[in-house]
Amino acid sequence: MTQTQERTRTFTWSDPAAGAAHLGRRSGLELMQAMIARELAAPPIMHLVDMSRMEAEEGRVAVELLPQEFHYNPLGTVHGGVLSTLLDTAAACAVHTTLPAGVGYTSLDLNVKFLRPVTVDTGTLRCEGTVLQRGRRTALAEARLTDPAGRLVAHATSTCLIFPLP
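Note that the structure is predicted; figures quoted are calculated from it, not measured.

Novice: Kindly report on the overall build of the chain, identifying the contributing residues and their values.
Specialist: On a plain count of helices and strands, the chain comes out with four helices and six strands. What you see in the chain, going N to C, is helices and strands ordered as α-α-α-β-β-α-β-β-β-β. Here the C-alpha atoms of the chain give a radius of gyration of 17 Å, agreeing with the 15 Å that 2.2 N^0.38 yields for 166 residues. Viewed in the frame of its principal axes, the chain has a C-alpha envelope of about 55 × 30 × 25 Å. Within the span of the chain, comprising 166 residues, buried residues form 37% of the whole. If the 15 positive side-chain charges of the chain are averaged to one point and the 16 negative ones to another, these points end up 4 Å apart.

Put into structure tokens, the structure is as follows:
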């Protein structure tokens, strides 16, 4: 029997309903910028996965992640679901930055290609999402995940459904 050292992780988050209350009153870009300025709390997923350093402008969002052991799969690399979450966040939030107040969105699909393994030795990952095309009902975005050397680690495309908020 092998002895392993236990590790723990604790994190906190704010009530997500507080941020959701601003959905119909601010544009998507205004909401993203308020989160970056810490006027509004970041959604709990940001804390769960430990994403950081978000940037936003119309049609573009970037977010960073420092890979940690708690992101690992049984193979000793960062789980594809963690990388997919990062890609989905960047792509969908890029779409969000193009929406006026009173308009929402949801992801219809996410197509991911993993190109390189990621470990704690990889260093800080940067994920940049960009809107490729936005219509009245759908938007197409892509996200590029790169390592500190600028090498492409993963790529995704996402289609988002756009709709009026109730």
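Novice: Any chance you could break down the side chain of Ser84 for me, citing the residues and the numbers?
Specialist: Within the fold, Ser84 resides in helix H4 (residues 80-96). You can call Ser84 buried: its relative accessible area is 16%. Beyond its immediate sequence surroundings of up to four residues, Ser84 is in contact with Leu110, Val112 and Phe114.

Novice: Tell me about the packing of aromatic side chains, and name the residues and values.
Specialist: This structure, assessed with the given rule, holds one aromatic pair. Over the ring of Phe70 we find Arg9, and its NZ or CZ is 3.8 Å from the ring centre.

Novice: Before we move on, could you go through the side chain of Thr89 and cite the residues and values that matter?
Specialist: Of note, Thr89 is situated in helix H4. Those residues within four positions of Thr89 in sequence are excluded, and the remaining contacts are Met46, Met51 and Met54.

Novice: Can you explain the environment of Val153? Please cite residues and give values.
Specialist: Inspection of the secondary structure assignment puts Val153 in strand E6 (residues 152-164). Residue class for Val153 comes out buried when judged on its relative accessible area of 2%. Sequence separation of Val153 and Arg116 is 37 residues, and the distance between their C-alpha atoms is 4.9 Å. Each residue touching Val153, except ones within four places of it in the same chain, is listed here: Lys113, Phe114, Leu115, Arg116, Val118, Leu125, Leu145, Thr146 and Asp147.

Novice: Which residues make up H4, and what values go with them?
Specialist: Given a rise of 1.5 Å per residue, 17 residues ought to cover 24 Å, and the 24 Å separating the end C-alpha atoms of H4 matches this to within 8%. Within H4, 13 of the 17 residues are buried, leaving the element largely enclosed by the surrounding structure.

Novice: So what's going on with the pattern of salt bridges? Residues and values would help.
Specialist: When charged atoms on two side chains of opposite charge get close, those side chains can pair. In this structure the tally under the stated criterion is 10 salt bridges. Between Glu55 and Arg53 there is a salt bridge whose closest N-O contact spans 3.9 Å. Overall, Arg53 belongs to the exposed group, its relative accessible area being 54%. Residue Glu64 is joined to Arg126 by a salt bridge in which the shortest nitrogen-to-oxygen separation is 3.7 Å. Separated by 62 residues along the polypeptide, Glu64 in strand E2 (residues 60-65) and Arg126 in strand E4 (residues 125-134) bring together distant segments of the chain. For Glu64, a relative accessible area of 13% gives the class buried.

Novice: Give me the lowdown on the environment of Phe70, citing residues and values where you can.
Specialist: Tracing the backbone shows Phe70 in the loop between E2 and H4. Residues Phe70 and Asp50, 20 residues apart in the sequence, show an inter-C-alpha distance of 10.0 Å.

Novice: So, the pairing of strand E5 (residues 138-146): which residues are in play, and what are the values?
Specialist: One ladder, built from eight bridges, connects E4 with E5; its direction is antiparallel. Bridge assignment links Arg134 to a residue of E5, and that residue is Ala139. Connecting the antiparallel pair E4 and E5 is a turn made up of three residues. Sheet analysis places E5 next to E6, joined by nine bridges and oriented antiparallel. Its bridge partner being in E6, Arg144 is matched across the sheet by His155. If you look at the hairpin formed by E5 and E6, you'll find five residues sitting between the two strands, and Gly150 has a positive phi there, around 85°.

Parameters and conventions
- Residues numbered from 1 in each chain as written.
- Predicted model: local features only at pLDDT ≥ 70, side-chain atom pairs only at ≥ 80, totals over all residues.
- Heavy atoms only, no water.
- Helix = DSSP H or I, 4+ residues; strand = E, 2+ residues; numbered from the N terminus.
- Rg over C-alpha atoms; globule rule 2.2 N^0.38 Å.
- Buried < 20%, exposed > 50% of the residue type's maximum accessible area, 1.4 Å probe, protein only.
- Lys, Arg positive; Asp, Glu negative; His and termini not counted.
- Charge placed at Lys NZ, Arg CZ, Asp CG, Glu CD.
- Contact = heavy atoms within 4.5 Å.
- Phe/Tyr/Trp six-rings, centres within 6.5 Å; stacked < 30°, edge-to-face > 60°.
- Lys NZ or Arg CZ within 6 Å of the ring centre and 35° of its normal.
- Expected span 1.5 Å × (residues − 1).
- Salt bridge = Lys/Arg side-chain N within 4 Å of Asp/Glu carboxyl O.
- Pairing = 2+ DSSP bridges.

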